[in-house]
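Survey of secondary and tertiary structure
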Amino acid sequence: VKIGLERKGTDEVERRISVDLDDALLGDVLDEIAKQANRTVELQPDGIVMRRPLKAFLPFDGMIMRQFPVPPDVFYAKEGSGDPFGDDQKELLDPRAYLVGKGIPFPEGATATFVPSTSNLIVRNTPENMEFIEAIFEGYGTRNSVQLRLAAEVYAIDCADALALFKVRNTTRALKQGVMELVEEGEAELVAFPALVTRSGQRAKAESGWDLDYTSGIEVKDGKASPTQGSVRVGCSLEVDPVIGSDGETIDVNIALSVSRGEPKVLARKVAVGDTEWRFESVELDRRTLSTAFTTLSGQPQFIGSIAGSNATEPTYLVFVDAEVIEVVREPPVPE
């Protein structure tokens, strides 16, 4: 029995591939067809795929180039103070050295470059080595394309009420319910509700308020003195760095939150430097900050901490965070 296959879209449209099917195994038939058509055969659950061999697309040195989405913290040094947003956490490691440490060879001409702004790794290597690199970062592309909605709720309550809640409410749900009861009674209030949407593996920040500038000191250069300026943020800021887990439900979140309330108080003093009298300023501001890392489930609120004031008469801030995986869907058009 003879069969013929035309190779459409090429200069060899008239050429036919003939295979003898008499007592032939299916695998042998596919191999013979692929050989005559200069193709490779790949068996998949829903069919058979034939591709041009990879060699046909290789440059003369045998290298190929691939781009891999990776978690944002893979190529950063882990040493430091433990603050996920601290400056001492931002030492960028050599991605080539990282892959070599994983056993990936880098022959002459092979390269690896990490782009922090997009959290993408660009690699140039041989096809054989690229398969091992793909195995290391498999699945990150799917996870990094997922979007997440993150919202923080900050409540101010009396310090004694906070202690009472902690004694009897030992889960996030019970604690949140107790806080909402105090809100209804007028004994607690929502002071900040920053929220944003970002992709998995992408750092994002939302800010509100204004910057207060003040004269913080003087700088002497070439025998001349000039004032130096300081600045403090009055308002609220939320910075997050979320990564979705491989199960599509677990979310690892680095978060930095800052909330300030009330009018800042500027304190001034005068200091004589030589023949000139200088005015220096300092700022008093009720500013609360929280920086931490935690793991939660999509759509499940998480209590992440309380921030007490400078004394027991000032309210305590309780912080809840809700992280949720969201789908990108096309909304129906608005009727005219």
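The structure this text deals with has already been given above.
Residues numbered from 1 in each chain as written. Predicted model: local features only at pLDDT ≥ 70, side-chain atom pairs only at ≥ 80, totals over all residues. Heavy atoms only, no water.

Looking only at helices and strands, the protein has 6 helices and 14 strands in total. Scored against the burial criterion, the 336 residues of the protein give a buried share of 34%. If you sum the accessible surface of the protein, you get close to 20900 Å²; carbon and sulfur atoms cover 49% of it. (Helix = DSSP H or I, 4+ residues; strand = E, 2+ residues; numbered from the N terminus. Buried < 20%, exposed > 50% of the residue type's maximum accessible area, 1.4 Å probe, protein only. Areas by Shrake-Rupley, 256 points an atom, 1.4 Å probe, with all protein chains shown as cover.)

On the surface, Asp158, Glu184, Glu185 and Glu187 cluster together into a patch of negative charge. Within the secondary structure, glutamate 187 is located in the loop between helix H6 (172-184) and strand E7 (188-192). (Patch = residues over 30% accessible without salt bridge, like charges linked within 9 Å, V, L, I, M, F, W, Y side chains within 5 Å. Salt bridge = Lys/Arg side-chain N within 4 Å of Asp/Glu carboxyl O. Lys, Arg positive; Asp, Glu negative; His and termini not counted. Charge placed at Lys NZ, Arg CZ, Asp CG, Glu CD.)

So, on to the packing of aromatic side chains. Scanning the entire structure with this criterion turns up 3 aromatic pairs. Aromatic side chains phenylalanine 166 and phenylalanine 303 sit 5.9 Å apart centroid to centroid with 50 degrees between the ring planes, which places their arrangement in the tilted category. Pair noted here: phenylalanine 166 is in helix H5 (residues 159-168) and phenylalanine 303 is in strand E13 (residues 302-307), with a separation of 137 residues, a long-range link. Owing to a relative accessible area of 34%, phenylalanine 166 belongs among the partly exposed residues under this scheme. Judged by its relative accessible area of 22%, phenylalanine 303 falls in the partly exposed class. Over the aromatic face of phenylalanine 320 sits the side chain of lysine 176, whose NZ or CZ is 5.5 Å from the ring centroid. Cation over ring: arginine 288 sits above tyrosine 317, and NZ or CZ is 4.2 Å from the ring centre. (Phe/Tyr/Trp six-rings, centres within 6.5 Å; stacked < 30°, edge-to-face > 60°. Lys NZ or Arg CZ within 6 Å of the ring centre and 35° of its normal.)

Before going further, it helps to examine the pairing of strand E11 (residues 250-273). As paired elements, strand E10 (residues 224-244) and E11 share 9 bridges and run antiparallel to each other. Counterpart to cysteine 236 in the pairing with E11 is valine 259. As defined by bridge partners, E11 adjoins strand E12 (residues 276-297) across 21 bridges and the pair is classed as antiparallel. Following the sheet pairing, aspartate 252 is matched in E12 by threonine 295. Counting the residues between successive antiparallel strands, the hairpin from E11 to E12 contains 2 residues, one of them, glycine 274, with a positive phi of roughly 70 degrees. (Pairing = 2+ DSSP bridges.)

A word on the nonpolar core. Proteins that are soluble and globular tend to have nonpolar side chains buried together. By size, the foremost hydrophobic cluster in this structure holds 25 residues, and its most contacted members are Ile255 and Val319. Those elements giving two or more residues to this core turn out to be strand E6 (147-157), E10, E11, E12, E13 and strand E14 (316-326). Counting 17 residues, the second-largest nonpolar core is a separate cluster that includes Val70, Leu121, Val123 and Phe137. (Core = buried A, V, L, I, M, F, W, Y, C linked by side-chain atoms within 4.5 Å.)

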